[in-house]
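Remarks on the overall topology
In case you want the letters, here they are:
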Amino acid sequence: MKRHLIAVGIALIALAAWVGTASAAAGDPPPGADQLVGQLAGTLQGAPAAGTAGQTASDASLPTGYAYGGTILAPSPGSSAANQTATNTGTADASNTSTTAQTATPTQTGGSSSCTAGCGGAGQSQNIDQSAKTTQDADADALAKQNAVNANVPIAIAGGNVLGGSSAANQTATNTADSTADNTSNTTQTATPTQTGGSSSCYSGCGGNGQSQNVDQSAKTKQDADADAKAKQDLVNANVPVSIAGGNVNGGSSAANQTATNTGTADASNSSTTTQTATPTQTAGSTSCWFGCGGNGQSQNVDQSSKTKQDADADAKAKQNAVNANVPVNIAGGNVNGGSSAANQTLTNTGTADASNSSTTTQTATPTQTAGSTSCWFGCGGNGQSQNVDQSSKTKQDADADAKAKQDAVNANVPVNIAGGDILGGASTANQTLTNTGTADASNSSTTTQTTRPTQTAGSTSCWFGCGGNGQSQNVDQSSKTKQDADADAKAKQNAVNANVPVNIAGGNILGGASTANQTLTNTATATAPNTSTTTQTATPTQTAGSTSCWFGCGGNGQSQNVHQSAKTKQDADADARAKQDAVNANVPLNISGGNVYGGSSTSNQTATNNATANAPNSSTTSQTATPTQTAGSFSCWYGCGGHGQSQNVRQKGKTKQDADADAWAKQYLLNSDVPFALSYGRDPRGKRGVMTY
């Protein structure tokens, strides 16, 4: 065994390090404007980033002393220390950021018209088409691999006495792989068209003014984010002082301390903000007509469409293998005075994956129509108003987060004392503290707000004979579709061995010190896959009919108002958490003596915590509010008049489908053993000599 330990200490590993960090982003092309008005903005961004860090480190302290006749001929084996601090980091960041702003403010003003008879009214047409397309791909890969060997192997061989100093092997290693892939897009579309019809003075047979106003806003966003982080750490920390003497050996304290942190973090996030605002305004001029005139006509259409598709995939893997060994060996023909011996190991292994999708869509339409007043004597047609608002929002989100944390740890304290005389053993301790965490979070969050406040106001009408009433039509259609999938898998596997095995073999008496093996383990796997969507649909259409004064044979005003609200939400959430823990804690002091054995206190303490938590919540909030208002104007009629007609329809439909599946496995195998063994040929409590085993 000694030969193998010395060979391990002497072996040197070549050092090679390569660290890379990369990030990339692309800009936006300039927007184009074509005045009808048409606006088209296209953005394509691809940002791959790869960071790789590879580190192989070896630190060895191998003082060797040879002595003959009680005199050291080579360097004196005083204090010996091998200290190694290694930091290995691989970072990759791929981010795409695009900002698209489209603003259209066209203005149309119709001039006044003075016509005596048989004139056509002024016509106005206004069209706004805004289209924004954004495609973003972000891929970030970070790899951090670290191999570290720290060895302290002092060897002293003497024909006389050996006075050994303190011997320590300290190793601190940090290995981090951080990968971030972000996509962020802001799209703002604003349309504020204005139409104003001029006044018209016509005696007979004139056509009314016509106004047409169309606003079409379309925003399409596609985002893909993929982040992979891998952190692999292999560590060996060994303290192996060997003392061989023909006389006495006075051993100093011997300790092997190892602190290692291994972290793999992957973050893939998509965030898009889409704001569509349409505020069209139509104002019809006043009309003065005597006979057979047609009323003013107004048509107003607002179409807002927003489509968002987001995919986020984050994978984090953290693998940690650690060996910490403290093996002081003392062989003497005389007495051995052993110092304290301790092996301390503290390990932290973390794998965290976060895949999140967040989209905010705001659609606001506030169209306004105002009809001018009409003065007509005989056979005139009433004003007509048509107003349509269509808001459509589609959101598809997929989030997948996988986190794997695997930890294998061995901590051993094996002091060996062999003496022809007496052995005075110091305290022997093996302390092991391990933390292994795997966390996966896949979240989808979308907020959709649709607000419509269309307003129609009919002007007053004064008609003497055979006049047609004003007509108003108002339609609001709001549709919101949300599909969310979230899948989070977290796996935490922990294998731990903590052993304290002091061995004392003496021809004389053995005075054993306290022997303790302490092991504290924490193994946690947490998977969270939440889906949260908030949909708010608000429609507040208002129709106000102007007053009508008619003498004979007049038709009443007509009003039609329709509100259609539809919200569909489908959510799937799947969270799996697995925590597996295998732990062995052993305290086995072994004493063999030709004389008496006086054993110190012996304790084996083990604390193990194994948690698996899976959470798959689905939470959707849908609010549909419709507050349509129709107000019929006052009506004064003498003979043969038709009454006002009002039609008002409100349809609200909300569909929600939610599937949530959460599975948690926690598996734990524990072995805690305190087995002191003593074999001596001394005297029993009654004074008789014999062989005692206990």
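See the structure printed just above.
The written sequence of each chain sets the order in which its residues are numbered from 1. Whole-chain, interface and lining totals are the exception, using all residues; otherwise, since this is a predicted model, local features are given only for residues with pLDDT of at least 70 and side-chain atom pairs are given and counted only at 80 or more. Computation of side-chain values covers all heavy atoms of the structure but excludes hydrogens and water.

1. What about the overall build of the protein?
Which entries qualify depends on this criterion: Under the DSSP-based scheme used, a helix requires at least four consecutive residues in state H or I and a strand at least two consecutive residues in state E, with every element numbered from the N terminus. Three exposure classes are used, based on accessible area relative to the maximum for each residue type with a 1.4 Å probe and protein chains only: buried under 20%, partly exposed in between, and exposed over 50%. We call two residues contacting when some pair of their heavy atoms lies within 4.5 Å. For every accessible area listed, the method is Shrake-Rupley and the probe measures 1.4 Å; residues are considered covered only by the protein chains on display.
Assigned secondary structure in the protein consists of 1 helix and 49 strands. Counting only residues that meet the buried cut, the protein has 45% of its 694 residues in that class. Considering only intrachain contacts with a sequence separation of at least 6, the fraction spanning at least 24 residues in the protein is 91%. Roughly 27,200 Å² of accessible area belongs to the protein as shown, and the carbon and sulfur atoms make up 53% of that amount.

2. Digging into the sheet that holds strand S20 (residues 287–291)
Defined as follows: Two strands qualify as a pair provided that DSSP identifies no fewer than 2 bridges between them.
Strand order in the open sheet made by the 7 strands is S8-S14-S20-S26-S32-S39-S46, with parallel pairing throughout. The open sheet is flanked by strand S8 (113–114) and strand S46 (635–639), the only strands paired with a single partner. Examined bridge by bridge, strand S39 (residues 548–552) and S46 share 4 bridges and lie parallel to one another. Opposite Phe-552, over in S46, you have Tyr-639 as the bridge partner.

3. Topic: a positive patch on the surface
The line we're drawing: Distance thresholds for patches are 9 Å for like charges and 5 Å for nonpolar side chains (Val, Leu, Ile, Met, Phe, Trp, Tyr), applied to residues having over 30% relative accessible area and no salt bridge. Salt bridges are counted wherever a side-chain nitrogen of Lys or Arg sits within 4 Å of a carboxyl oxygen of Asp or Glu. Under the convention used here, Asp and Glu are negative, Lys and Arg are positive, and both His and the chain ends fall outside the count. Charge positions come from single atoms, namely NZ of Lys, CZ of Arg, CG of Asp or CD of Glu.
A surface patch of positive charge is lined by Lys-133, Lys-220, Lys-307, Lys-394, Lys-481, Lys-568, Arg-651 and Lys-655. Secondary-structure assignment places Lys-394 in strand S27 (residues 384–413). Given a relative accessible area of 37%, Lys-394 falls into the partly exposed group.

4. Remarks on the state of the cysteines
To be explicit about the condition: Put simply, a disulfide is two cysteine sulfurs that come within 2.5 Å.
Throughout the structure, instances matching the rule amount to 7 disulfides. Across a sulfur-sulfur distance of 0.9 Å, Cys-115 and Cys-119 are joined as a disulfide pair. Between Cys-115 and Cys-119 the disulfide shows an S-S torsion of about 40 degrees. By sign, it is right-handed. The buried category is assigned to Cys-115, whose relative accessible area is 12%. With its sulfur 1.0 Å from that of its partner, Cys-637 forms a disulfide with Cys-641. On the sign convention where negative is left-handed, the bridge of Cys-637 and Cys-641, at about 65 degrees about the S-S bond, is right-handed. Residue class for Cys-637 comes out partly exposed when judged on its relative accessible area of 24%. A relative accessible area of 25% places Cys-641 in the partly exposed class.

5. Thoughts on the environment of Ser-271
Turning to its location among the elements, Ser-271 is positioned in strand S18 (residues 254–278). For Ser-271, a relative accessible area of 28% corresponds to the partly exposed category. Spatially, the C-alpha atom of Ser-271 lies 8.4 Å from that of Ser-356, the residues being 85 residues apart in sequence. With sequence-adjacent residues up to four places away left out, Ser-271 is seen in contact with Asn-183, Thr-184, Ser-185, Gln-223, Gln-310 and Ser-358.

6. Regarding a nonpolar patch on the surface
On the surface, Val-236, Val-323, Val-410, Val-497, Val-584 and Leu-671 cluster together into a nonpolar patch covering about 390 Å² of accessible area. One can find Val-323 in strand S21 (residues 297–326).

7. Comments concerning the pairing of strand S28 (residues 416–419)
Note that strand S22 (residues 329–332) and S28 share 4 bridges and pair parallel. The partner of Ile-331 across the bridge, within S28, is Ile-418. Inspection of the sheet shows S28 paired to strand S34 (residues 503–506) by 4 bridges, in the parallel sense. Each residue of the ladder has a partner; that of Ala-419, found in S34, is Ala-506.

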